[in-house]
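Take a look at the letters that make up each chain.
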Amino acid sequence: ATSWKKRVCHLPPGPQPLPLIGNLNVVDLKKPFQSLTELSKLYGNVFTVHFGPKKVVVLAGYETIKDALLNHAEEFGERAEIPIFREMTRGNGIAFSHGELWKAMRRFTLSTLRDFGMGRRTIEVRILEELNSLIKYFESYQGKPFDTKMILNNAVSNVICSILFGERFEYDDPAFLTLLKLLNENTKLLGSPMVLLYNFYPSLGFLFGASKTVLQNISELSAFLQKLFREHKEDLNENNLTGFVDAFMMKQQQESKKPHSMFHNESLLFSTLDLFAAGTETTSTTMRWGLLLMMKYPEIQRKIQEEMNQVIEPGEMPKLEDRRRMPYTDAVIHEIQRFANIVPMGVSRSTPTDVNFQGYVIPKGTEIIPLLTSALNDELHWKTPHQFNPSHFLDADGNFVRREAFIPFSIGRRACVGEGLAKMELFLFFAGLLRKFVFQPPPGVNKAELDLTADVGFTLNPMPHLLAEEYGPV
Ligand code: HEM
């Protein structure tokens, strides 16, 4: 029989913590998601890890993540309080806010994204225009190998920028490129050992210079946004709202008489910044994985092109309405997201109350890591989890099949608000580029040498690489 003490305070099991460092002796801060995956093999699907003095409960495997994030949606539905994000946003915005403020921002964001075309024709047209510019840029290399990082960043970012501000930025706009570089640097730093240590030991913050760089970058990004806000405020016209920012400003006017409106300027700044950052990095990183994988697996690339030749008229580009007749392409895009696994530890949640879960008691305010990588590689759900294999999403007749354990956008109350937009972009950009070009490794590079190991940050990126293109079948 369990003792009284054990029953009352029954945290999930885990490695024995040491004084001061907790379990940092068994966690590789350069690849924490891998260490956590290994620990789940020893301690099961719900376990406790001590990151220094901070106690964290990890959820591993699709069934466990689903049980927590969907079946116990409220109890695992808060965002964790993470020191660096706290410093960055002071609790504002969508992704790292809490309680009523989060609820108001999330509701406003979802309805405004819908108004400005997420999941509708208008945004499809915008993405296809951007694709045109992107193709012209690719063509300008005339088959010479080049690095796709900044250009994909820029093209993807232009889609969210048109939703936010009603404008796009030219690919050679130096101010905008600087902005994207700051964003890239932060995404990398936010997953770096130094910033992780800052999050575990915030009171020793002065030791960890990387967190200062992160904050400095945020203030530069903010300055850029503030300038745009001023322009939008001057030209604000309620009969011609250009995007999210205008809609937010209208809401501010409507609420100007309310004493405690949550639509204050800090909300505007950090909601915009959240959408800009989350809407740029993730989708363009996934695109880059996709093109790298197509260089690595030319036979898969060829099959996509053959499918498009069957389904799409000569000279035409793929549209969203073609997707249901392109099951192979759809399967490859899903497999890219599964395999690339770009947010391997999700975004930490927390418990707003004490929670009884699978026989354990998790105290109020405990940080929760939904280990998304463990669902995307779950051996109970995927035939060859560690292999790039589009047939994960195909039945024996070649029809597309949805897979429950496919959760790159996470699930539940705080799941990604950009899922619909990201899926439209991935389909139109990816299929469109393959319609136009055949991608291959630079001359002298064998496809076997292409490196698929990840450059670890807050997201998993492909290692720097070059891509060569020649004209495809259109
Ligand atoms: C949250 C993944 C694209 C905006 C998240 C989360 C994940 C994620 C894993 C954490 C959700 C949770 O805690 O349950 C991705 C991936 C993307 C992508 C893999 C692309 C391939 C986008 C885009 C936008 C966006 C295009 C902008 C429109 C957000 C926001 C949140 C979020 C605002 C915070 C939601 C909240 O806390 O309520 N995303 N995302 N994401 N994403 Fe995305």
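Residues numbered from 1 in each chain as written. Predicted model: local features only at pLDDT ≥ 70, side-chain atom pairs only at ≥ 80, totals over all residues. Heavy atoms only, no water.

(A) How the structure looks around the overall build of the protein chain. Across its full length, the protein chain holds 16 helices and eleven strands. What you see for the protein chain is a C-alpha radius of gyration of 23 Å, in line with the 23 Å of a compact globule of 474 residues. Overall size of the protein chain, expressed as C-alpha extent along the three principal axes, is 75 × 60 × 40 Å. The buried share of the protein chain, taken over its 474 residues, is 55%. Taking the contacts inside the protein chain whose residues are at least 6 apart along the sequence as the reference set, 75% of them involve residues at least 24 apart. Looking at the protein chain as shown, the accessible area adds up to about 21,200 Å², and 54% of this sits on carbon and sulfur atoms. Looking at charge distribution, the protein chain has the averaged site of its 52 positive side-chain charges lying 5 Å from that of its 54 negative ones. (Helix = DSSP H or I, 4+ residues; strand = E, 2+ residues; numbered from the N terminus. Rg over C-alpha atoms; globule rule 2.2 N^0.38 Å. Buried < 20%, exposed > 50% of the residue type's maximum accessible area, 1.4 Å probe, protein only. Contact = heavy atoms within 4.5 Å. Areas by Shrake-Rupley, 256 points an atom, 1.4 Å probe, with all protein chains shown as cover. Lys, Arg positive; Asp, Glu negative; His and termini not counted. Charge placed at Lys NZ, Arg CZ, Asp CG, Glu CD.)

(B) Region of interest: the site of the ligand. In the neighbourhood of the ligand, 27 residues make up the surrounding shell, with R79, R106, R349, S410 and C416 lying closest. Residue assignment for the shell around the ligand shows that the elements contributing at least two residues are α5 (99-115), α12 (265-296) and α16 (419-436). Here the shell around the ligand is composed, by residue class, of 16 nonpolar, seven polar and four charged. (Near = heavy atom within 4 Å. Nonpolar A, V, L, I, M, F, W, Y, C, P; charged D, E, K, R; others polar.)

(C) Spatial organisation of the pairing of strand β1 (residues 46-51). Taking burial as the measure, the six residues of β1 include six buried ones, the bulk of the element. In β1, alternate side chains face the same way, and those of V46, T48 and H50 on one face and F47, V49 and F51 on the other are all buried. As paired elements, β1 and strand β2 (residues 54-59) share six bridges and run antiparallel to each other. Across the sheet, residue H50 finds its bridge partner in β2, namely K55. (Pairing = 2+ DSSP bridges.)

(D) Just the coordination of the iron atom of the ligand, in detail. Counting protein donors around the iron atom of the ligand gives one, C416 (SG), at 2.3 Å. Mapped onto the elements, C416 comes out in the loop between α15 (372-376) and α16. (Donors = N, O, S within 2.8 Å, 3.2 Å for Na, K, Ca; no water.)

(E) Structural view of the side chain of R106. By the element assignment, R106 lies in helix α5. Of the side chains with opposite charge, E419 comes closest to the buried, unpaired R106, at an N-O distance of 8.2 Å. At 2.7 Å, the side chain of R106 forms a polar contact with the backbone oxygen of A415. Setting aside residues up to four positions removed in sequence, R106 forms contacts with I94, R413, R414, A415 and V417. (Salt bridge = Lys/Arg side-chain N within 4 Å of Asp/Glu carboxyl O. Polar contact = N/O pair within 3.5 Å; in protein donor to acceptor, adjacent residues only side chain to side chain.)

(F) Seen up close, the pattern of salt bridges. Counted by the stated rule, this structure contains 20 salt bridges. In this structure, E255 engages K251 in a salt bridge whose closest nitrogen and oxygen atoms are separated by 4.0 Å. Look at E255 and you get buried, because its relative accessible area is 11%. The network of salt bridges with shared partners includes R126, E129, E130, R168 and E170.

(G) Representation of the state of the cysteines in the model. Taken as a whole and assessed by the stated rule, the structure comprises zero disulfides. With no disulfide of its own, C161 lies 17 Å from the sulfur of C416, the closest cysteine sulfur. Accessibility expressed as a relative area gives 38% for C416, which makes it partly exposed. (Disulfide = S-S within 2.5 Å.)

(H) Layout of the nonpolar core. By size, the foremost hydrophobic cluster in this structure holds 139 residues, and its most contacted members are F138, F276, F430 and L433. With 13 residues, α12 is the single largest residue contributor to this core. Contact partners of L433, with chain neighbours within four places excluded, come to L131, L134, I135, F138, M287, L291 and F439. (Core = buried A, V, L, I, M, F, W, Y, C linked by side-chain atoms within 4.5 Å.)

(I) Highlighting helix α2 (residues 32-43). Spanning twelve residues, α2 covers 16 Å between terminal C-alpha atoms, matching the ideal 16 Å at 1.5 Å per step. Turning to α2, its buried residues are P32, F33, S35, L36, L39 and S40. Relative to the axis of α2, the buried residues are bounded by an arc of 155° and lie together on one face. Those residues of α2 that are exposed and aimed more than 90 degrees away from the buried face are E38, K41 and L42. The positive-phi residue at the C-terminal boundary of α2 is G44, with phi of around 95°. (Expected span 1.5 Å × (residues − 1). Arc of directions from axis to C-beta.)

(J) Examining the packing of aromatic side chains more closely. With the rule as written, the count across this model stands at 26 aromatic pairs. Ring geometry for F108 versus F248: centroids 5.4 Å apart, planes at 85°, classification edge-to-face. Here F108, found in helix α5, pairs with F248, found in helix α11 (residues 244-254); they are 140 residues apart in sequence, far enough to count as distant. Side by side, F108 and F248 carry an identical accessibility label, which is buried. Aromatic rings pair up to connect Y137, F138, Y141, F146, Y171, F437, F439 and Y471 into one cluster. Positioned above the aromatic ring of F427, the side-chain terminus of R323 is 5.2 Å from the ring centre. The ring of W382 is capped by R338, whose NZ or CZ atom sits 5.3 Å from the centre of that ring. (Phe/Tyr/Trp six-rings, centres within 6.5 Å; stacked < 30°, edge-to-face > 60°. Lys NZ or Arg CZ within 6 Å of the ring centre and 35° of its normal.)

(K) Main features of a nonpolar patch on the surface. A contiguous nonpolar patch, built from L18, L20 and I21 and spanning about 290 Å² of accessible area, is present on the exposed surface. Relative to the helices and strands, L18 resides in the loop between α1 (4-8) and α2. According to the relative accessible area criterion, L18 is partly exposed, its value standing at 39%. (Patch = residues over 30% accessible without salt bridge, like charges linked within 9 Å, V, L, I, M, F, W, Y side chains within 5 Å.)

None of this, on its own, says anything about what the molecule does.
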